[in-house]
Each structure stands twice: as C-alpha cells, then as structure tokens.
Amino acid sequence: MIEPKDDLDLELSRLQGATEALHATRGFNDRVLAAIDALHVPEWGDGILKFGKAILVVAALSAVAATVVGIRSQRAETEALASTYGMEDFDW
Amino acid sequence: MEHLAEAVREIVNGDAKAFRKIVVATSPRLVRLAARIMGSVEDGEDVVQEAYVKAYRAIADGRFDGRSRLETWLYRIVTNTAIDALRGGTRRPRSTDTIPEPSWDGAAAAEARVALRELETLLAELPPDQRAAIVLKSVEGLSAAEIAEIMDTSEGAVEQRLVRARTALKQRNRNHD
C-alpha cells in the first residue's frame, strides 16, 4: 500500500521539480579545471629546485676538478722550471 | 559510465587532463545537489569545487579504491564538504533581494533560483546532517541505504535523522500557519 503524501512531502516534491533547472554558472567547469591545474604549480617549483641543486652539484665538482688540474699544472710547471734551471746550471 | 573508470585509470597514470571527463559528466548533478543542501548556487559551486580538488588528489594518489561507484563516491565527498561548510559558517552573504536578477541562462533558471530560496527557507533551521539527509531522501530521491553509504553511517542513523528532520519541519509549518 502506498502511503498518502502529507503536506511536507508535497512541498518537498514541488521544490524538487522546481529546482531541477538549477545549474552551475557559466565557466564553472573551467574554474574547477584551473584549480586542478594550480595543484601542479608546486611540482613545477619542485622541478626547478631539483634542477638548481643538480646545477650546483655539477658546478661544485667542476670547481674541485679545476682546482686539482690547476695545482697539478702548477706543480708540473715548477718541476719543469727546476729541471731547466738544473740543466742550465749543468751547462754553465 | 565505463569512460569514467577509464578516466580514473588515466589520472592514476599521470594524465591530469583526464579529470575534465569526470567534471563534465558529473558537475551538473553535483552542483544541483550542493546548491540544494547549501541553499544557493554560488555556495554549491564553492562546495563542489572543493570536493573536486579533494577527489582529484585522492585519485592521483591512488586512494580511490573503486569499491563504490565513482558517482556515489563524489556524492559522498560533496555531501560531507557541504555539511562541513554549513557547520563552519563559510557561506557567502545572501542578497537581500527577494527575486533574483535575470541572468544569462533565462527564465527557467531564474524560477529555479526562486524555488531554491524557498527550499533554503524551509530547511534553514535544521542541523546540517539532518538537512543533508532530507535533501538526499526527499529531493534527490535516494534510498536510506544509499544515503547511509554517502553519509558513512548506518541506515538506522539515517532514518533517525529523517524522522527528526520531518518532525522539525512539520512543527515549523504548524507555527507558520
């Protein structure tokens, strides 16, 4: 047996039908998707940070390598000068 | 709605753009639901946008396990976000006009907004959980079992909320007669 609808049911049923035409304002879906896109901005930031750190490490290693090469070159030059000096001394 | 399940898989695999399919397919019903609970389209949109952000994060992180249908799961997020918004008082100030201004979407939508204000006035004094329950039952037409799943509670608790809400609304109507 179907229960008879009371005034409240009738009122809610009327409002249900009357609000069926409700819909979002223009551009709502695009605003939602822009909010979703905005979630990825920190990931870009993280990427830039990681890239920057990698560059820093490479630069530091390059500096160390350059220093080592510089010291070795200087040592070789000093040894060469010393040898030359010795030979000149010997010739003299 | 197989294409929505496919969209979920694409998002999990890193294709954020696939979320558009979910938004396009579900936003009309979700905005209507949220507007009915909140009492205004603008507040409803705020709720649905927040709910979509939560849903996207959950899907992308692999926290949507697919045990419930995507639509039911979104209904749950929207309903709970709306209840939180009602409890937190984060609603936009209402216009004092009794008739909404004609908008781009014509007379039918304007009439719907008038009806939404009537619904808002009718439900204004109900606590948020009773308000959501009565909208889901009497306006959205869901069963007590479906509402229990959405509100993450038992059918008995849903029935109790509905009885309390109906009692309060009938009392309100008697006082206004």
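Quick caveat, the model's predicted, so the values are computed rather than measured.

Chemist: What is the right way to look at the overall build of chain B in this model?
Modeler: Helices and strands together make up the secondary structure of chain B, namely eight helices and zero strands. For chain B, the N- to C-terminal ordering of α and β elements is α-α-α-α-α-α-α-α. Residue burial in chain B is summarised as follows: out of 177 residues, 40% are buried. Considering only residue pairs separated by 6 or more positions, chain B has 62% of its internal contacts joining residues 24 or more positions apart.

Chemist: Would you mind going over the overall build of chain A with me for this structure?
Modeler: The helix and strand tally for chain A stands at three helices and zero strands. Mapped in sequence order, the helices and strands of chain A form the string α-α-α.

Chemist: Explanation requested: the nonpolar core in the structure shown.
Modeler: Soluble globular proteins: nonpolar side chains tend toward being buried together. Core analysis: the largest hydrophobic core is formed by 55 residues, its most contacted members being Ala-34, Val-78 and Ala-82 of chain B. If you tally residues by element for this core, the top one is helix H2 (residues 19-38) of chain B, at 10 residues.

Chemist: Would you mind going over the confidence of the model for chain B with me for this structure?
Modeler: Interpretation of this model should avoid reading the predicted coordinates in detail wherever pLDDT is low. Put simply, chain B has an average pLDDT of 89, and 90% of its residues get 70 or more. Scored by ipTM, the complex comes to 0.82, with pTM at 0.75.

Chemist: Which parts of the structure should I look at to understand the interface of chain B and chain A?
Modeler: Frequently, the measure chosen for interface size is the accessible area removed from exposure when the parts meet. Opposite the 33 residues of chain B that make contact, chain A presents 22 residues. Of all elements in the fold, only H2, helix H3 (41-60), helix H5 (106-123), helix H6 (128-139) and helix H8 (155-176) of chain B reach the threshold of two or more residues within the side of chain B that touches chain A. Sort the elements by how many residues they give to the side of chain B that touches chain A and H2 of chain B lands first, with 10 residues. Its residues assigned to classes, the side of chain B that touches chain A comprises 20 nonpolar, four polar and nine charged.

Chemist: When you look at unusual backbone geometry in this model, what are you seeing that I'm missing?
Modeler: The general pattern is negative phi for most residues beyond glycine and trans for most peptide bonds. You will see that Asp-152 of chain B, though not glycine, has its phi angle at about 55 degrees, which is positive. Summarising the element assignment, Asp-152 of chain B is placed in the loop between helix H7 (144-150) and H8.

Chemist: So what exactly am I meant to see when it comes to the packing of H6 of chain B against H8 of chain B here?
Modeler: When two helices pack together, their arrangement is given by the angle between the helix axes and the distance between those axes. Residues and elements named next belong to chain B. H8 packs onto H6 with a crossing angle of 95 degrees between their chain directions and a minimal axis gap of 9 Å. In this view, H6 runs roughly perpendicular relative to H8, as classed from their interaxial angle. When H6 is examined against H8, the residues Asp-129, Gln-130, Ala-133, Ile-134 and Lys-137 are found in contact with a partner set consisting of Val-158, Arg-161, Leu-162, Arg-164 and Ala-165. For the contact of H6 with H8, a count of residues per class yields five nonpolar, one polar and four charged.

Chemist: Where do I start with the packing of H2 of chain B against helix H4 (residues 70-88) of chain B in this structure?
Modeler: Residue and element names in this part refer to chain B. Where H2 contacts H4, the two axes come as close as 10 Å, and the packing angle between them is 30 degrees. In terms of orientation, H2 and H4 fall into the roughly parallel class. Relative to H4, the crossing made by H2 is right-handed. Across the interface between the two elements, Thr-26, Leu-30, Leu-33, Ala-34, Ile-37 and Met-38 of H2 pack against Glu-71, Leu-74, Tyr-75, Val-78, Thr-79, Ala-82 and Ala-85 of H4. In the contact of H2 with H4, the residues fall into 10 nonpolar, two polar and one charged.

Chemist: So what exactly am I meant to see when it comes to the environment of Val-12 of chain B here?
Modeler: Residues and elements named next belong to chain B. Tracing the chain through its elements places Val-12 in helix H1 (residues 2-12). Here Val-12 falls in the partly exposed class, since 14 other C-beta atoms lie within 10 Å of it. Separated by 38 residues in sequence, Val-12 and Glu-50 have C-alpha atoms that sit 20 Å apart.

Chemist: I'm lost on H2 of chain B in this one. Help?
Modeler: Residue pairs spaced three or four apart in an α-helix point in one direction, given the helix's 3.6 residues per turn. Residue and element names in this part refer to chain B. Along its 20 residues, H2 runs just 25 Å from first to last C-alpha, ending more than 12% under the 28 Å computed at 1.5 Å per residue. Considering bend angle alone, the principal kink of H2 is centred on Ser-27 and spans about 55 degrees; proline Pro-28 follows within four residues of it. For H2, a buried count of 14 out of 20 residues is recorded, marking the element as mostly surrounded by other parts of the structure. Once H2 finishes, Gly-39 follows within two positions and takes phi at roughly 95 degrees, a positive value.

Cut-off values and rules
- Residues numbered from 1 in each chain as written.
- Chains lettered and ligands numbered in written order.
- Predicted model: local features only at pLDDT ≥ 70, side-chain atom pairs only at ≥ 80, totals over all residues.
- Helix = DSSP H or I, 4+ residues; strand = E, 2+ residues; numbered from the N terminus.
- Buried ≥ 20, exposed ≤ 12 C-beta atoms within 10 Å, placed from the backbone.
- Contact = placed C-beta atoms within 7 Å.
- Core = buried A, V, L, I, M, F, W, Y, C linked by C-beta atoms within 7 Å.
- pLDDT = per-residue confidence, 0-100.
- Nonpolar A, V, L, I, M, F, W, Y, C, P; charged D, E, K, R; others polar.
- Axes fitted to C-alpha atoms, helices over the stretch in contact; angles between N-to-C directions.
- Parallel < 35°, antiparallel > 145°, perpendicular 65-115°, else oblique.
- Left-handed = near helix turned anticlockwise from the far one by under 90°.
- Expected span 1.5 Å × (residues − 1).
- Bend = angle between axes of the 7 residues up to and from the residue.

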